[in-house]
Amino acid sequence: AQTVTQSQPEMSVQEAETVTLSCTYDTSESDYYLFWYKQPPSRQMILVIRQEAYKQQNATENRFSVNFQKAAKSFSLKISDSQLGDAAMYFCAYTLPGGGADGLTFGKGTHLIIQP
Amino acid sequence: DSGVTQTPKHLITATGQRVTLRCSPRSGDLSVYWYQQSLDQGLQFLIQYYNGEERAKGNILERFSAQQFPDLHSELNLSSLELGDSALYFCASNDRGSTDTQYFGPGTRLTVL
């Protein structure tokens, strides 16, 4: 079974600074998808960014970008110009095309604190 | 707003009871996924339906069952409830035709007393 590991239970960053959240995963598949989801205090799961494993180019969405290292099975999220609204739990997730047999496999999450 | 709706938002019930959670996917999405989020287990995949058919099964207890109806809405039935079933239950949907991205509903908070 695939596993996703987020080694940082909590991270803190000053407003307007840059922070990087780490994620590693274990799989024997070559084609898969990786995601970062944000869960603010409202508990809604919000998609932040998506990466297809067959694409070498790192995904970017405004202030959010990833560093995808397929050989190292690493998928980190960089948040630039951190804002108070970025404070949330961030979950790294993995899935196979079509959802696979396991749906999304999530890491345990990183709690991001933004210091004003 | 993801376009996925779930009802009810909150549910409080007693041990041994049965409840039904409802999910409507985004317009046009054929796949529905159910997840459980609890403090000790984190986010866990329960089950997937695609166009009315069960497609994949995860860590779903035998006391739990689900179905997807012809109009594509889905229901998750939880029976013989135990204290440990208290959790946030999410539904997600996607169309598989494009990005395999799952969009989540707001969740149903279940409290078993």
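Residues numbered from 1 in each chain as written. Chains lettered and ligands numbered in written order. Predicted model: local features only at pLDDT ≥ 70, side-chain atom pairs only at ≥ 80, totals over all residues. Heavy atoms only, no water.

Caption draft 1: Focus on the pattern of salt bridges. All names here are of chain A. Summed over all chains, the structure comprises 7 salt bridges over all chains. Note that Lys 73 is salt-bridged to Asp 26, the shortest N-O span being 3.8 Å. Of this pair, Lys 73 sits in the loop between strand 8 (64–69) and strand 9 (74–79) while Asp 26 sits in strand 4 (residues 24–26), and the two are 47 residues apart along the sequence. For Lys 73, a relative accessible area of 26% corresponds to the partly exposed category. Here Asp 26 falls in the partly exposed class, since its relative accessible area comes to 42%. Residue Arg 50 pairs with Glu 52 through a salt bridge whose shortest N-O separation is 2.4 Å. Judged by relative accessible area, which is 9%, Glu 52 ranks as buried. One salt-bridge network, in which partners are shared between bridges, spans Arg 50, Glu 52 and Lys 55. (Salt bridge = Lys/Arg side-chain N within 4 Å of Asp/Glu carboxyl O. Helix = DSSP H or I, 4+ residues; strand = E, 2+ residues; numbered from the N terminus. Buried < 20%, exposed > 50% of the residue type's maximum accessible area, 1.4 Å probe, protein only.)

Caption draft 2: Representation of the interface of chain B and chain A. The interface of chain B with chain A comprises 21 residues on the first partner and 21 residues on the second. With both chains or domains summed, chain B and chain A bury close to 1,600 Å², and 53% of this area falls on carbon and sulfur atoms. For the chain B face of the interface with chain A, the top three residues by lost area are B:Leu43, B:Asp100 and B:Phe104, together amounting to 32%. Counting every contact that joins chain B to chain A gives 0 salt bridges. Connecting chain B to chain A are 6 residue pairs in polar contact (both at pLDDT 80 or more). Of all the secondary structure elements, the ones that give two or more residues to the side of chain B that touches chain A are strand 4 (31–38), strand 5 (42–50), strand 6 (53–57), strand 9 (87–94) and strand 10 (103–104) of chain B. Residues that form the side of chain B that touches chain A fall into these classes: 10 nonpolar, 7 polar and 4 charged. (Contact = heavy atoms within 4.5 Å. Buried area = accessible area lost by both parts, 1.4 Å probe. Polar contact = N/O pair within 3.5 Å; in protein donor to acceptor, adjacent residues only side chain to side chain. Nonpolar A, V, L, I, M, F, W, Y, C, P; charged D, E, K, R; others polar.)

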